[in-house]
Amino acid sequence: MASVAAQYLPILLFLGVALLLSTAFVVLPIAVARLTGAHKPSTDKLSEYECGFPAFEDSRMQFDVRFYLVAILFIIFDLEAAFLYPWAVSLREIGWTGWLAMMGFLAELLLGFAYAWKKGALEWE
Amino acid sequence: MIQTIAFYLFAIMVVLSAGLVITARNPVHSVLWLILAFFNAAGLMLLVGAEFIAMLLVIVYVGAVAVLFLFVVMMLDIDFSELRGGFVRYLPFGVAVALVLLCEIVIAGGAWEAGPVELAGRTALAPDPAAIPNIQALGTLLYTRYLFVFEGAGLVLLVAMIGAIVLTHRARGGVRQQNVRRQNIRRPQDATRNTNPPVGQGVEL
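In this text the structure is predicted, and so the values were computed from the model without any measurement.

Student: I'd love a proper account of the overall build of chain A, names of residues and values included.
Tutor: When its secondary structure is counted, chain A shows five helices and zero strands. Reading the helices (α) and strands (β) of chain A from amino to carboxyl end gives α-α-α-α-α. Expressed as a percentage of its 125 residues, the buried residues of chain A come to 23%. Accessible area of chain A: about 9,200 Å², with a carbon and sulfur share of 71%.

Written out as structure tokens, the structure reads:
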């Protein structure tokens, strides 16, 4: 059990290095600017300036429902692809039963795919 | 040693980001915290040796489900401050649901510890992750022993696909569909025309 997690140790170290570097990139400019420049903040200096429209407003806007349809179709085919990985790895052990099982699974989703295509759910404009 | 440190790091991050998911004021921030929670849960899965599950968490949950959540959050036109107003009114119901879930977790954990509930000879089914890769162990079971469950999962996906299309798809006018057959049967002779006009007469198109 230890060996599986141990193989991922370089990634963990890499994560630590990335965290360190990104923290440095954020903190260093602020610290250097604070130490070298004159630091006299005032309300007018700190307020953001934007010409013509209020600087802060709700950034949310309504999306078209078509994005939802595309996302859910993506999830379904993503899962289908995810199921293929263990199947491909263990195909030698599971034999024809496993092969037929996957073919049935693919046929089910092919049915859905044909339906989506026929309905025009994959068309955008 | 490193494993223990990593476990506590990931576990603390999961709990913290899960807490921030439900306390963040902005629902988009909630989704982003959820993504962080998924990443840390993937790290926890790696620590117990379930590599495939960890990768699946990253690919499916972070890559697809979180994006879907973002789309849904952006699609809803809800005044969230107004929605938060009913907190006290919904509190008893929420607490009840949370209690039921807590009881289920405790019962499931107790049953697992007690042992008499023999979950299909679980020890024999779970090989050592160091000996057999997690993905291979999963594959040998999923497509043979749990074949019907697997095909049922396929049916659930099919129903989800059809349901989503039925609910959200509406035919749009002016869609220019590609007609592959028409493209293929079109010959150069149909599309172009050779003319030999006399000088000064011009071409009539």
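Student: Quick one: what's the story with a nonpolar patch on the surface, residue by residue and with numbers?
Tutor: A contiguous nonpolar surface patch, about 680 Å² in accessible area, is contributed by F87, V88, L91, V95, L99, L102 and V106 of chain B. One can find L102 of chain B in helix 5 (residues 87-114).

Student: Can you tell me about the interface of chain A and chain B, naming the residues and giving the values?
Tutor: Taken together, the contact pairs 56 residues of chain A with 58 residues of chain B. In this structure, the connection of chain A to chain B is made through zero salt bridges. Joining chain A to chain B, the criterion identifies seven residue pairs in polar contact (both at pLDDT 80 or more). Counting only elements with at least two residues in the side of chain A that touches chain B, the list comes to helix 1 (2-6), helix 2 (9-36), helix 4 (65-89) and helix 5 (91-119) of chain A. Looking at which element gives the most residues to the side of chain A that touches chain B, the answer is helix 4 of chain A, with 20 residues. Residue composition of the side of chain A that touches chain B, by class: 38 nonpolar, nine polar and nine charged.

Student: Summarise the packing of helix 4 of chain A against helix 8 (residues 147-168) of chain B; cite the residues concerned and give the values.
Tutor: Closest axis-to-axis distance for the helix 4 of chain A/helix 8 of chain B pair is 10 Å, and the angle between their directions is 165 degrees. One way to sum up the angle between helix 4 of chain A and helix 8 of chain B is to call them roughly antiparallel. Regarding helix 4 of chain A and helix 8 of chain B, the two cross each other, and that crossing is left-handed. Counted together, V65, Y68, L69, I72, L73, I76, F77, L79 and F83 of chain A of helix 4 of chain A and F150, L157, A160, M161, A164, I165 and T168 of chain B of helix 8 of chain B form the full contact between these two elements. In terms of residue class, the contact of helix 4 of chain A with helix 8 of chain B is made up of 15 nonpolar, one polar and no charged.

Student: A description of the nonpolar core should follow, citing residues and the corresponding values.
Tutor: With 30 residues, the main nonpolar core has L69, F83, M102 and F105 of chain A together with Y143, F150 and I165 of chain B as its most contacted residues. Apart from the residues within four sequence positions on either side, M102 of chain A is in contact with F83, L84 and W87 of chain A together with Y143, F150 and E151 of chain B. Judged by nonpolar contacts, the second largest core, of eleven residues, contains Y8 of chain A together with V21, L34 and V62 of chain B.

Student: Let's hear about the confidence of the model for chain A: which residues, and what values?
Tutor: In this model, chain A carries an average pLDDT of 85, and 90% of its residues clear a pLDDT of 70 or more. For chain A, helix 1 of chain A is the element with the lowest average pLDDT, namely 69, and helix 2 of chain A is the one with the highest, namely 92.

Student: Tell me about the side chain of E151 of chain B, and name the residues and values.
Tutor: Along the chain, E151 of chain B turns up in helix 8. Discounting chain neighbours no more than four positions away, the residues touching E151 of chain B are A101, M102, G104, F105 and E108 of chain A.

Student: Explain the packing of helix 5 of chain A against helix 8 of chain B to me, using residue names and the numbers behind them.
Tutor: Direction vectors running N to C along helix 5 of chain A and helix 8 of chain B enclose 5 degrees, while the axes themselves pass 10 Å from each other. Taken together, the axis directions place helix 5 of chain A and helix 8 of chain B in an arrangement best described as roughly parallel. Among the residues making up the contact of helix 5 of chain A with helix 8 of chain B, the classes are represented as 18 nonpolar, four polar and three charged.

Rules used throughout
Residues numbered from 1 in each chain as written. Chains lettered and ligands numbered in written order. Predicted model: local features only at pLDDT ≥ 70, side-chain atom pairs only at ≥ 80, totals over all residues. Heavy atoms only, no water. Helix = DSSP H or I, 4+ residues; strand = E, 2+ residues; numbered from the N terminus. Buried < 20%, exposed > 50% of the residue type's maximum accessible area, 1.4 Å probe, protein only. Areas by Shrake-Rupley, 256 points an atom, 1.4 Å probe, with all protein chains shown as cover. Patch = residues over 30% accessible without salt bridge, like charges linked within 9 Å, V, L, I, M, F, W, Y side chains within 5 Å. Salt bridge = Lys/Arg side-chain N within 4 Å of Asp/Glu carboxyl O. Contact = heavy atoms within 4.5 Å. Polar contact = N/O pair within 3.5 Å; in protein donor to acceptor, adjacent residues only side chain to side chain. Nonpolar A, V, L, I, M, F, W, Y, C, P; charged D, E, K, R; others polar. Axes fitted to C-alpha atoms, helices over the stretch in contact; angles between N-to-C directions. Parallel < 35°, antiparallel > 145°, perpendicular 65-115°, else oblique. Left-handed = near helix turned anticlockwise from the far one by under 90°. Core = buried A, V, L, I, M, F, W, Y, C linked by side-chain atoms within 4.5 Å. pLDDT = per-residue confidence, 0-100.

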